[in-house]
Amino acid sequence: MPMLEVVSHPGVQTNLSKLNENSKWLVAAAFLGSICRLPQEEALWCASGAVGVSYSCKALKKVIREPRPPGSMKPLHDPGMPSNHATGIMFWSTYMALECGREGTPQAVLAAVATMVGSIGLAWLRVLHGQHTLRQVVVGSLLGAAGAALWRTAGVTGAHKAIRKRRVLNRLLTVAVVCAFGNFFLKAFAKKGRRHKGTKT
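Thresholds applied
- Residues numbered from 1 in each chain as written.
- Predicted model: local features only at pLDDT ≥ 70, side-chain atom pairs only at ≥ 80, totals over all residues.
- Heavy atoms only, no water.
- Salt bridge = Lys/Arg side-chain N within 4 Å of Asp/Glu carboxyl O.
- Helix = DSSP H or I, 4+ residues; strand = E, 2+ residues; numbered from the N terminus.
- Buried < 20%, exposed > 50% of the residue type's maximum accessible area, 1.4 Å probe, protein only.
- Contact = heavy atoms within 4.5 Å.
- Core = buried A, V, L, I, M, F, W, Y, C linked by side-chain atoms within 4.5 Å.
- Axes fitted to C-alpha atoms, helices over the stretch in contact; angles between N-to-C directions.
- Parallel < 35°, antiparallel > 145°, perpendicular 65-115°, else oblique.
- Left-handed = near helix turned anticlockwise from the far one by under 90°.
- Nonpolar A, V, L, I, M, F, W, Y, C, P; charged D, E, K, R; others polar.
- Phe/Tyr/Trp six-rings, centres within 6.5 Å; stacked < 30°, edge-to-face > 60°.
- Lys NZ or Arg CZ within 6 Å of the ring centre and 35° of its normal.

### What about the pattern of salt bridges?
Okay, so step 1: Evaluated as defined, the whole model comprises three salt bridges.
Okay, so step 2: Two residues, E99 and R152, come together in a salt bridge whose shortest N-O distance is 3.0 Å. Residue E99 is found in helix α5 (residues 84-103), and its partner R152 is found in helix α7 (residues 134-165); the two are separated by 53 residues along the sequence.

Here it is as structure tokens:
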């Protein structure tokens, strides 16, 4: 059966729509689970990079102000360029792929490839369901991947050591990361609650 026919099947469409709707939770869970395997200073540095690239993406949205595709269910005050979902997904997957690549074992390489392929698929769902144009997702993905590569390079060349040695920096990053992630989850839960309430009325 051709790929397009499989994707257009109603049952497949429903499952892909649910996957797209819950992609932020999947990525957040995978991100938190994966950084828990890292030493504290590396986990803090990775998490702070994810926060930084997310806010950078939001700032770019306000500057570029390119609208989302026609028919998008997102509000008009939330522009589409670049895709924040794609940025976050590709930051995590690229960072973790580089971490796996450092191990150099066949299993680690396979895990890196699987992570990247899965993340590209999740980013593509944003286009499939009309929430972003292909260009918006590509730019967001490039922003996330480049941010991850640069941030990790900065970490291994000095930032990890600085965080490990300086308690004040360690505590500041911890507070900033906890506040940022707490804000993310509170907003996500509030948005989900509003959506659920809207479907019941």
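### Regarding the environment of A43
Okay, so step 1: As for its position among the elements, A43 is in helix α4 (residues 40-64).
Okay, so step 2: Judged by its relative accessible area of 14%, A43 falls in the buried class.
Okay, so step 3: Put simply, A43 and T174 are 131 residues apart on the chain and 9.9 Å apart in space, counted from C-alpha to C-alpha.
Okay, so step 4: Sequence-distant contacts of A43, that is, excluding residues within four places in its chain, are made with I35 and L38.

### Here's the deal with the nonpolar core
As a rule of thumb, nonpolar side chains are buried together in soluble globular proteins.
Okay, so step 1: F31, I35, C46, F91, Y95 and M96 are the most contacted members of the largest nonpolar core, which totals 22 residues.
Okay, so step 2: Secondary-structure elements contributing two or more residues to this core are α3 (23-35), α4, α5, α7 and α8 (167-200).
Okay, so step 3: Top contributing element to this core by residue count: α4, with eight residues.
Okay, so step 4: Apart from residues no more than four positions distant in its own chain, F31 is found in contact with C46, A47, A50, W92 and F181.
Okay, so step 5: Residues V27, M90, L122 and L125 belong to the second largest nonpolar core, which totals five residues.

### A word on the packing of α5 against α7
Okay, so step 1: Where α5 meets α7, the closest approach of the two axes is 7 Å, and the angle between their N-to-C directions is 45 degrees. In terms of orientation, α5 lies oblique with respect to α7. Remark: the crossing between α5 and α7 carries right-handed chirality. Contacts between α5 and α7 pair A86, T87, M90, F91, T94, Y95, L98, E99 and R102 from the former with V137, G140, S141, L143, G144, A145, G147, A148, A149, W151, R152 and H160 from the latter.
Okay, so step 2: Its residues assigned to classes, the contact of α5 with α7 comprises 11 nonpolar, seven polar and three charged.

### Remarks on the packing of aromatic side chains
Okay, so step 1: What the rule picks out here adds up to two aromatic pairs.
Okay, so step 2: Judged by centre distance (4.1 Å) and plane angle (10 degrees), the ring pair of W45 and W151 falls under stacked. On the criterion of sequence distance, the pair formed by W45 in helix α4 and W151 in helix α7 is long-range, its members being 106 residues apart.
Okay, so step 3: Above the face of the Y55 ring, K58 is positioned so that its terminal group lies 5.3 Å from the ring centre.

### Concerning the environment of M96
Okay, so step 1: Among the secondary structure elements, M96 is positioned in helix α5.
Okay, so step 2: Not counting the four nearest positions on each side in its chain, M96 is found in contact with S34, I35, L38 and C46.

### Considerations on the environment of M116
Okay, so step 1: With respect to the element layout, M116 can be found in helix α6 (residues 106-128).
Okay, so step 2: Between the alpha carbons of M116 and M96 there is a distance of 9.1 Å; along the sequence they are 20 residues apart.
Okay, so step 3: Contacts of M116, omitting those with residues within four sequence positions, involve M90, S93, T94 and A97.

### A word on the packing of α4 against α7
Okay, so step 1: It is at 9 Å that the axes of α4 and α7 come closest, and there the two elements cross at 140 degrees. The angle between the axes of α4 and α7 places the two elements in the oblique class. As for how α4 packs across α7, the hand of that crossing is right-handed. In this structure, α4 contributes E41, E42, L44, W45, C46, S48, G49, V53, C57 and L60 to the contact, and α7 contributes L143, G144, W151, A154, G155, A159, H160, I163 and R164.
Okay, so step 2: Looking at the contact of α4 with α7 residue by residue, the classes come out as 11 nonpolar, five polar and three charged.

Shape is all these values report; function is a separate question.
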